[in-house]
2 protein chains.
Amino acid sequence: MKGSSALRVEGSSRMPSTGISRGVSVLDFVLRVMAFICTLGSAIAMGTANETLPFFTRFFRFRARFDDLPTLTFFVVANGIVSGYLVLSLPISIFHIMRSSAKNSRIVLMIFDTIMLGLLVAGASSSAAIVYLAHKGNMKTNWFPICQQFNSFCERISGSLIGSYGGAVLLIVIILLAGIALSRR
Amino acid sequence: MKGSSALRVEGSSRMPSTGISRGVSVLDFVLRVMAFICTLGSAIAMGTANETLPFFTRFFRFRARFDDLPTLTFFVVANGIVSGYLVLSLPISIFHIMRSSAKNSRIVLMIFDTIMLGLLVAGASSSAAIVYLAHKGNMKTNWFPICQQFNSFCERISGSLIGSYGGAVLLIVIILLAGIALSRR
């Protein structure tokens, strides 16, 4: 057992590409954890966004929740799916740290990363379009801004976009690392 | 033991892997041309979308153009950028057909593909959110649907999303092919 590990260390010092590949795998793991935190934080921040205005009539309370806008519901679902995927991908990432030469599992992970990137960007961008509309409105179509009334709600839904876009950037770097690791066998 | 068997497998598969790699490169080229047609078609379809209603008052004409909604302008710009990038990437794709063993250029192309995928999905998804709003409206925020009035305009902007999403799917396949080509040197 000890002998084989010594052999492996000797092997890695002889071929620097294995060392680089292991460094890439460790960085991949760290970035996945960061992306998980970003997307989960975004999902929670958006999912708990609601504001009730202090004035109300006899029949109506002025209240804004994230699920009043279907796009924001999609944002929460998309971020939830991506963060769940990122947790599930962590064991495979650890496997890649131990076995730097793994090839097929890297390709499979890379293609899922790409699909998840698409899902994450779709959620973040569609919500950004709606958040922009909530802030600025559109006079041509008579869609009036709602952020004058629901100020803290708007701040919350705007802020939760940041984590999602941060997660998307991290996923792009993760895909780049997968490409580098695949080319360095 | 395992290392030597892996070496033997790699050695025996070296001859046919060049052929597979060339096939992958040719497929990459074809998919790029298809994705270019999709994104350019989307950009043109959206960019030429406008409708003037047959009735008007003395001071006002009822007219809908894609640049009345800033998100749709972003859609046209994003699709234009991605289709321009795809044209520029074609010579590199041809270079990959001729030299299947190219490595660094594949990684560079892959990372740009990933960024362009993000841009394309961002444009398509934000526009989809706005198109959905134009169709259905949102009663909670008093955003009324505009598609009852501008029927053909709405059909046009809905249809132009298809090409953009098609281009995104093609780009995901292109990134997958890059991963396969990188692993098969």
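Residues numbered from 1 in each chain as written. Chains lettered and ligands numbered in written order. Predicted model: local features only at pLDDT ≥ 70, side-chain atom pairs only at ≥ 80, totals over all residues. Heavy atoms only, no water.

Going by the annotation in an unreviewed UniProt entry, the name recorded for chain A is CASP-like protein, with Trapa incisa given as the source organism. Recorded in UniProt for chain A, the comment headed Subunit (unreviewed entry) runs: "Homodimer and heterodimers." (UniProt positions renumbered as here; feature names shortened; annotations may be inferred.)

Asks: Please explain the packing of helix α5 (residues 151–183) of chain A against helix α4 (residues 104–136) of chain B as it appears in this structure.
Replies: Packed helices, taken two at a time, are described by the angle between their axes plus the distance between the axes. Their axes nearest at 10 Å, the elements α5(A) and α4(B) cross at an angle of 160°. Judged by the angle between their axes, α5(A) and α4(B) are roughly antiparallel. For the pair α5(A) and α4(B), the sense of crossing is right-handed. The segment α5(A) lies against α4(B), with Ile172(A), Ile175(A), Leu176(A), Gly179(A), Ile180(A) and Ser183(A) engaging Ile107(B), Met110(B), Ile111(B), Thr114(B) and Ile115(B). Classifying every residue of the contact of α5(A) with α4(B) by side-chain character gives eight nonpolar, three polar and no charged. (Axes fitted to C-alpha atoms, helices over the stretch in contact; angles between N-to-C directions. Helix = DSSP H or I, 4+ residues; strand = E, 2+ residues; numbered from the N terminus. Parallel < 35°, antiparallel > 145°, perpendicular 65-115°, else oblique. Left-handed = near helix turned anticlockwise from the far one by under 90°. Contact = heavy atoms within 4.5 Å. Nonpolar A, V, L, I, M, F, W, Y, C, P; charged D, E, K, R; others polar.)

Asks: Would you take a moment to explain a nonpolar patch on the surface for this structure?
Replies: Residue and element names in this part refer to chain A. Taken together, Ile92, Ile94, Phe95 and Met98 make up a surface patch of nonpolar side chains, about 350 Å² in accessible area. Note on placement: Phe95 falls in helix α3 (residues 70–98). Overall, Phe95 belongs to the partly exposed group, its relative accessible area being 34%. (Patch = residues over 30% accessible without salt bridge, like charges linked within 9 Å, V, L, I, M, F, W, Y side chains within 5 Å. Areas by Shrake-Rupley, 256 points an atom, 1.4 Å probe, with all protein chains shown as cover. Salt bridge = Lys/Arg side-chain N within 4 Å of Asp/Glu carboxyl O. Buried < 20%, exposed > 50% of the residue type's maximum accessible area, 1.4 Å probe, protein only.)

Asks: Looking at this structure, how should I read the interface of chain B and chain A?
Replies: Between chain B and chain A, the residue contacts involve 37 residues of the former and 37 residues of the latter. Summed over both sides, the interface between chain B and chain A buries roughly 3,200 Å², with carbon and sulfur atoms accounting for 74% of that surface. Our count for the contact surface shared by chain B and chain A stands at two salt bridges. The salt bridge partner of Asp68(B) is Lys140(A), with a shortest N-O separation of 3.3 Å. At the surface where chain B touches chain A, the tally comes to six residue pairs in polar contact (both at pLDDT 80 or more). For the side of chain B that touches chain A, the secondary-structure elements that each account for two or more residues are α3 (70–98), α4 and α5 (151–183) of chain B. In terms of residue count, α4(B) provides more of the side of chain B that touches chain A than any other element does, 16 residues in total. Here the residues of the side of chain B that touches chain A sort into 22 nonpolar, 10 polar and five charged. (Buried area = accessible area lost by both parts, 1.4 Å probe. Polar contact = N/O pair within 3.5 Å; in protein donor to acceptor, adjacent residues only side chain to side chain.)

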